[in-house]
Protein chains: 2
Amino acid sequence: MTATAPRDETVYEAPSARQQAVLDAVLALLVEEGDQLTMDAVARRASCSKETLYKWFGDRDGLLTATVRWQASRVHAGRDAVGTLDAATLRERLLDFAASWLDVIAGRTSVVLNRIAIAHAGSRKGNLGAIVLANGRLAIGGRVKPVLEAGRTAGLLAFEDSETAFRTFFGLVGRDIQIRLLLGDALDLDAAEIRRDAARAVDQFLALYGQARP
Amino acid sequence: MTATAPRDETVYEAPSARQQAVLDAVLALLVEEGDQLTMDAVARRASCSKETLYKWFGDRDGLLTATVRWQASRVHAGRDAVGTLDAATLRERLLDFAASWLDVIAGRTSVVLNRIAIAHAGSRKGNLGAIVLANGRLAIGGRVKPVLEAGRTAGLLAFEDSETAFRTFFGLVGRDIQIRLLLGDALDLDAAEIRRDAARAVDQFLALYGQARP
DNA sequence: GAGGCCGCGTACCGTACGGTACGGTACTGG
DNA sequence: CCAGTACCGTACCGTACGGTACGCGGCCTC
């Protein structure tokens, strides 16, 4: 029963429409302006008063946290029914994960949010870092592993520990891309490139863990 | 001729002993205090005046840059004579790279410096990001690729593009480790764990790219 | 021992920015 | 029509921190 739902440790009430607009303003500002985000700028951009900002989100950190959570809530799309798998579907599913994951991490928003979270993790209370981790790396792990296990059940994959297998998958897909982007490398991946990368990663993963059905 | 030397784009004069002491103080402070590094704190810690700091390094950015460069200059150890390779030596060399690379990125210093550089890349002039990239990802790439190519020449490896092969290697070694550490995940790797990880990565890499000598 | 540097310590300045206070406007319920 | 609430806009406060100025002691050179 602990299956697909993306472990929301505490239930935070969803932001109202107006609040969502504010959070979108934060995201936009973050993407445009790099990360020296000031409360003044947010208030101006969102056409609201700073006082409201503080009333709604407590403080700057609260605003950032809400923003990260808000963005995360959008990404959690995806139907994950794991039925029985044949080789083609397994491959398809992995491809799907790989491509959409690359798509996310290559996006400006993801890069900026990760930067914020990393900076935050560097200066006490790694709250943001934990949130990003939970909604990024861990969330996708939680969704991929069942597929891997289903693949094993179907005799298509061989591994002992799905976590380890997943981490290899993760490495094959992401390689140096995320760190390069975070460090400011240009490196723009278009859709075609992403598809190619994803395919290569999946091929390699299957080469390592796949087995012809005995 | 463009071979092993780690592309130092501009020659910066090495810091004097006293300056090195200051930079070490910065590193220590960074490691201890997270990243809210103030010039005051540096001056206090290094027992020098702020004025001297500014005289030597120009401004805060200059100090950070010098620190990153200073740390980088320490890592560049390593004899890289690429002779003829047999399978065992190739494996050995790759293992070596993998383990020492993991060792570096798992270190507090690396994590903190990467955090700084990433934050910096987020707010205009990605200077630090570029430097870290050049001395991290790119430097190790520059050192591994010749080995891979020697392996190919010796008929031990098969690949078309050494860059691509290296990136796979990179992914297999690093997996999710760096991003997790940057985001504040605990995840402490002891030496044994690192050796195991490195061995697994090399095995996987050889499974993908190795070939029995024909 | 006199001048000149270098660099330490400390006091100081300016400003950017997080956070608060307050007046003014619109809407709601009674 | 009035009280209450919500929220915008703006002015304001406090402080942390980057950067500068200055005085003083140690060290060289002559």
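Quick caveat: nothing in here was measured; it's all calculated off a predicted structure.

A.B. asks: What is the right way to look at empty space enclosed by the protein in this model?
C.D. replies: If a probe the size of a water molecule is rolled over the atoms, the empty space left behind becomes visible. Applying the stated criterion across every chain yields a total of 2 cavities of 30 Å³ or more. Each pocket or cavity is described by its volume, and for the largest cavity that value is around 190 Å³. Forming the walls of the largest cavity are 16 residues, and the residues nearest its centre are Arg175(A), Gln178(A), Ile179(A), Arg175(B) and Gln178(B). Only α9 (162-174) and α10 (177-182) of chain A together with α5 (87-106), α9 (162-174) and α10 (177-182) of chain B provide two or more residues apiece to the lining of the largest cavity. Residue classes in the lining of the largest cavity are distributed as 9 nonpolar, 5 polar and 2 charged. Approximately 40 Å³ is the volume found for the second largest cavity. Around the second largest cavity, the lining residues are Phe97(B), Trp101(B), Ile140(B), Phe166(B), Phe169(B), Phe170(B) and Val173(B). Counting only elements with at least two residues in the lining of the second largest cavity, the list comes to α5 and α9 of chain B. Ranked by the residues each element gives to the lining of the second largest cavity, the list is headed by α9(B), at 4 residues. For the lining of the second largest cavity, the per-class residue count stands at 7 nonpolar, no polar and no charged.

A.B. asks: Which parts of the structure should I look at to understand the protein's contact with DNA strand C?
C.D. replies: With respect to spatial proximity, 15 residues lie near DNA strand C, and among them Lys50(A), Glu51(A), Arg60(A), Arg18(B) and Ser49(B) are the closest. Taken together, the sugar and phosphate atoms account for 51% of what DNA strand C places within 4 Å of the protein. Measuring from a sugar or linking oxygen of DNA strand C, one finds a backbone N or O atom of Ser47(B) at 3.4 Å. Those elements giving two or more residues to the surface near DNA strand C turn out to be α3 (50-57) of chain A together with α3 (50-57) of chain B.

A.B. asks: Can you help me understand the protein's contact with DNA strand D in this one?
C.D. replies: For DNA strand D, the set of nearby residues contains 15 residues, the closest of which are Ser49(A), Lys50(B), Glu51(B), Tyr54(B) and Arg60(B). In DNA strand D, atoms within 4 Å of the protein come from the sugar-phosphate backbone in 51% of cases. At a separation of 3.3 Å, a phosphate oxygen of DNA strand D approaches a polar backbone atom of Ser49(A). A distance of 3.5 Å is found between a base oxygen of DNA strand D and a side-chain nitrogen or oxygen belonging to Glu51(A). Looking at the surface near DNA strand D, the elements with two or more residues in it are α3 of chain A together with α3 of chain B. Class assignment for the residues of the surface near DNA strand D results in 5 nonpolar, 4 polar and 6 charged.

A.B. asks: For this particular structure, what's the right way to read the interface of chain A and chain B?
C.D. replies: Much of the literature gives interface size as the accessible area that the parts lose upon coming together. Contacts between the two partners involve 40 residues from chain A, matched on the other side by 40 residues from chain B. The junction of chain A with chain B conceals about 3,400 Å² of combined surface from both sides, 62% of it contributed by carbon and sulfur atoms. Counting across the chain A and chain B interface gives 4 salt bridges. Residues Asp176(B) and Arg137(A) are paired through a salt bridge, measuring 2.0 Å at the closest nitrogen-oxygen approach. Here chain A and chain B share 10 residue pairs in polar contact (both at pLDDT 80 or more) between them. Taken together, the elements giving at least two residues each to the side of chain A that touches chain B come down to α6 (108-122), α7 (127-135), α9, α10 and α11 (191-209) of chain A.

A.B. asks: Help me understand the domain arrangement of chain A, please; the structure alone is not making it clear to me.
C.D. replies: Residues and elements named next belong to chain A. Examined at the domain level, chain A breaks down into domain 1 (17-74) and domain 2 (80-209). On a C-alpha basis, the centres of domain 1 and domain 2 stand 28 Å from each other. Contacts between the two partners involve 11 residues from domain 1, matched on the other side by 11 residues from domain 2. Summing both partners gives a buried area of about 1,100 Å² for domain 1 against domain 2, and 78% of it is carried by carbon and sulfur. In terms of surface lost to domain 2, no three residues of domain 1 exceed Val31, Asp61 and Val68, which account for 43% of the buried area on that side. Taken together, domain 1 and domain 2 are joined by 0 salt bridges.

A.B. asks: Could you clarify how one ought to interpret the environment of Arg18(B) in this entry?
C.D. replies: Residues and elements named next belong to chain B. Secondary-structure assignment places Arg18 in helix α1 (residues 17-33). Separated by 30 residues in the primary sequence, Arg18 and Cys48 place their C-alpha atoms 9.8 Å from one another. Beyond its immediate sequence surroundings of up to four residues, Arg18 is in contact with Ala46, Ser47, Cys48 and Trp56.

A.B. asks: How should α11(A) be read in this particular structure?
C.D. replies: Counting along an α-helix, one turn takes 3.6 residues, and residues three or four places apart therefore face a common direction. The terminal C-alpha atoms of α11(A) lie 27 Å apart, and with 19 residues this matches the ideal 27 Å at 1.5 Å per residue to within 8%. Where α11(A) is concerned, the buried positions are Ile194(A), Asp197(A), Ala198(A), Arg200(A), Ala201(A), Val202(A), Gln204(A), Phe205(A) and Tyr209(A). Packing partners of the buried residues in α11(A) comprise α5 (87-106), α8 (137-153), α9 and α10 of chain A together with α9 and α11 (191-209) of chain B.

A.B. asks: How do you make sense of the environment of Ala21(B) when you look at a structure like this?
C.D. replies: Residues and elements named next belong to chain B. Checked against the element boundaries, Ala21 lands in helix α1. With relative accessibility at 37%, the residue Ala21 sits in the partly exposed group. In sequence terms Ala21 and Ser47 are 26 residues apart; their C-alpha atoms lie 9.9 Å from each other.

A.B. asks: Looking at this structure, I do not really get the side chain of Ser110(A). What am I missing?
C.D. replies: All names here are of chain A. For Ser110, the location among the structural elements is in helix α6. Exposure remark for Ser110: the relative accessible area of 13% places this residue in the buried category. Beyond its immediate sequence surroundings of up to four residues, Ser110 is in contact with Val104 and Ile105.

A.B. asks: Sorry, what's going on with the nonpolar core here?
C.D. replies: Generally speaking, soluble globular proteins have nonpolar side chains that are buried together. Grouped together as the largest cluster of nonpolar side chains are 135 residues, with contacts concentrated most on Phe169(A) and Phe169(B). Excluding residues within four positions of it along the chain, Phe169(A) makes contact with Leu94(A), Phe97(A), Ala98(A), Val144(A), Val202(A) and Phe205(A).

A.B. asks: Would you mind showing me how to read the packing of α5(A) against α8(A) here?
C.D. replies: The description of two helices packed together rests on the angle between their axes and the distance between the axes. Residue and element names in this part refer to chain A. For the pair α5 and α8, interaxial distance at closest approach is 10 Å and the crossing angle is 170 degrees. Comparing the axis directions of α5 and α8 gives the class roughly antiparallel. Residues Leu90, Arg93, Leu94, Phe97 and Trp101 of α5 form the contact with α8, whose own contacting residues are Arg137, Ile140, Arg143, Val144, Val147, Leu148 and Gly151. By residue class, the composition of the contact of α5 with α8 is 8 nonpolar, 1 polar and 3 charged.

Conventions used here
Residues numbered from 1 in each chain as written. Chains lettered and ligands numbered in written order. Predicted model: local features only at pLDDT ≥ 70, side-chain atom pairs only at ≥ 80, totals over all residues. Heavy atoms only, no water. 1 Å grid on protein atoms, 1.4 Å probe; cavity = no way out; pocket = protein on both sides within 12 Å on 5 of 7 lines; lining within 4 Å. Points joined across faces, edges and corners; volume = space filled by probe spheres on them. Helix = DSSP H or I, 4+ residues; strand = E, 2+ residues; numbered from the N terminus. Nonpolar A, V, L, I, M, F, W, Y, C, P; charged D, E, K, R; others polar. Near = heavy atom within 4 Å. Polar contact = N/O pair within 3.5 Å; in protein donor to acceptor, adjacent residues only side chain to side chain. Contact = heavy atoms within 4.5 Å. Buried area = accessible area lost by both parts, 1.4 Å probe. Salt bridge = Lys/Arg side-chain N within 4 Å of Asp/Glu carboxyl O. Domains from an automatic or database assignment. Expected span 1.5 Å × (residues − 1). Buried < 20%, exposed > 50% of the residue type's maximum accessible area, 1.4 Å probe, protein only. Core = buried A, V, L, I, M, F, W, Y, C linked by side-chain atoms within 4.5 Å. Axes fitted to C-alpha atoms, helices over the stretch in contact; angles between N-to-C directions. Parallel < 35°, antiparallel > 145°, perpendicular 65-115°, else oblique.

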